[in-house]
Amino acid sequence: MCGMKFLLPALALLFAVPVFADTNVDQLAEGELPSLLSIYKDLHAHPELSTQEEQTSALVAKELRAAGCEVTDHFGKYDNPNYKGYGVIGLMKNGSGPTVLVRTDMDALPVEEETGLPYASKVTTKNDEGREVHVMHACGHDVHVASFLGVVRAMQRLKDRWHGTIIFVGQPAEELGSGARALLKAGLYSRFGKPDFALGFHDKADMQTGHIGVTEGYTYANVDSVNITVRGVGGHGAYPHKTKDPIVLSAEIINALQTIISREKNPLDPAVITVGSIHGGTKHNIIPDEVKMQLTVRSYKADVRDHLLSAIDRIAKGCAVAAGFPPERAPIVEVLKNEFTPATYNNPELTKRLVAVWKKQLGDENVELVDPTMGGEDFSEYSLPDHSIPAVDFHVGAVDPAKIAESNKTGTPLPSLHSSKFAPEPEPTIRTAVRAMTTAVLELMKK
Ligand SMILES: [Zn+2]
Ligand SMILES: [Zn+2]
């Protein structure tokens, strides 16, 4: 006993991994790193916009086939008939046992890259409106794909240690919030089986490499997009008494909407209403006929969401009544159903179970419990609206610790996700992602 006590810490130091770490997993991740890095750089240099993920999905399909998966590609059904489904499903079957879904997103953003990296994207393409736009992996979905393929390869090599079926999902159009829904609509669960667990991860632009983070319970918000058309009766700016001014009414509505947050809902339930866009009028001396506003509305709980959406409608219309607008010119409030992203809920029991194995694999100090955010992530769709499929979406640190220290010292913020200057440190991010995800899948499927 005495000997063991000294031997174990010595071994841990020797391999620079925690005492109880699965060295098999770490060696596999390390062995694949050079190949995964070159995949990453290739993806980074060749990003594709949401619903245009043709080459990326072909690469994912090829890799899944090479790892012995049964592959279905060109999968997914959007509400918009013009969109092509570039989802890829790879089934890795290994006898009877649990079914675990592992997801990566694949799409990039219309951003002009300014990282100065040798493998920076110079790609331009046409967006939905036919306008030429630059394309960049500014959210790190390229690092997700490379890490995901590392997990695919590791799980193939470790087949003697687990049983069951892994549903590997290459998901398109995360940035539109409609990619996961398109896969489910095309029959993801009816065709390939309903998983017992669903796992995903996202790189984190303010967390150091080598660390992962997770939140128990709600981790991302319900995201709704709402359009309000405030209609008035236009006329000359010099004779306001002969008009119904939609600009003054819009100003009142905007202020009144914030009372939903401050006065109407329980202060212990987080929620946000942001008017992100307002357009109306053409000239100093004309009162226009209408003003258009675009809102993002965020919440965690379903009943809070319902309340926010109905209160926005009530307040917009009520303000118009109070201002004496005729009923036929009442504001039009439209909730964009196709753009809804449900809240992401990390099953608390599953989170605890994974945190325990992650701490063993990565070291206690490298697993952080992080606060939830009001951001959105359509990974939530895989757990279904009632959260009946236990799911966990975790964060993987992507920033050089020296850059975090520098930013703390100078007060200059680090580039956020979606910034033209954001780039994960690929090697340590992929290494940690592969180690963490492989460890999680093994835990859920071990013999
Ligand atoms: Zn994003
Ligand atoms: Zn993202």
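In what follows, the accompanying structure is described. (Residues numbered from 1 in each chain as written. Chains lettered and ligands numbered in written order. Predicted model: local features only at pLDDT ≥ 70, side-chain atom pairs only at ≥ 80, totals over all residues. Heavy atoms only, no water.)

1. Observations regarding the sheet that holds strand 10 (residues 222-231)
Test applied: Following DSSP output, two strands are said to pair if at least two bridges run between them. Each helix is a run of H or I in the DSSP string that is no shorter than four residues. Each strand is a run of E no shorter than two, and both are numbered from the N terminus. Only C-alpha atoms enter the line fits that serve as axes; for helices the fit covers just the stretch in contact. Angles between N-to-C directions range over 0 to 180 degrees. Pairs of residues are marked as contacts when any of their non-hydrogen atoms sit within 4.5 Å.
Read across the open sheet, the 4 strands follow the order 12-14-10-15; overall the sheet is antiparallel. Edge positions in the open sheet fall to strand 12 (271-280) and strand 15 (332-335), since each of these has one partner strand only. For this sheet, the mean angle separating the axes of adjacent strands, direction not counted, is 20°. Across the sheet, helix 7 (residues 246-264) lies against strand 10, strand 12 and strand 14 (290-299), angled at about 170° from strand 12, the strand it touches most. Along the sheet, helix 8 (residues 302-322) contacts strand 10, strand 12, strand 14 and strand 15; its crossing angle with strand 14, the most-contacted strand, is approximately 165°.

2. A short note on the sheet that holds strand 1 (residues 70-75)
As summarised here, the arrangement of the 8 strands in space is 1-2-6-3-7-18-8-17, forming an open sheet in which the pairing is mixed. Edge strands, defined here as strands with exactly one partner in the open sheet, are strand 1 and strand 17 (367-369). Neighbouring strand axes in the sheet, compared pairwise and without regard to direction, differ in orientation by 25° on average. Looking at chain direction, strand 2 (residues 87-94) and strand 6 (residues 164-171) are connected through 7 bridges and run antiparallel. In the sheet register, Leu-91 faces strand 6, and the bridge partner there is Ile-167.

3. Quick notes on helix 2 (residues 23-45)
Here is the rule: Expected span, for any helix, means 1.5 Å times one less than how many residues it has. One axis is fitted to the seven residues ending at the residue and one to the seven starting there. The bend at that residue is the angle between these axes. Side-chain atoms alone can form a polar contact between residues adjacent in sequence; in general such a contact is a pair of N or O atoms within 3.5 Å, and within protein one must be able to donate a hydrogen while the other accepts it.
Along its 23 residues, helix 2 runs 33 Å from first to last C-alpha, staying within 8% of the 33 Å computed at 1.5 Å per residue. Bending of helix 2 peaks at approximately 50° at the position of Leu-33, with proline Pro-34 no more than four residues after it. Its side-chain oxygen 3.1 Å from the backbone nitrogen of Asn-24, Asp-22 forms the N-cap of helix 2.

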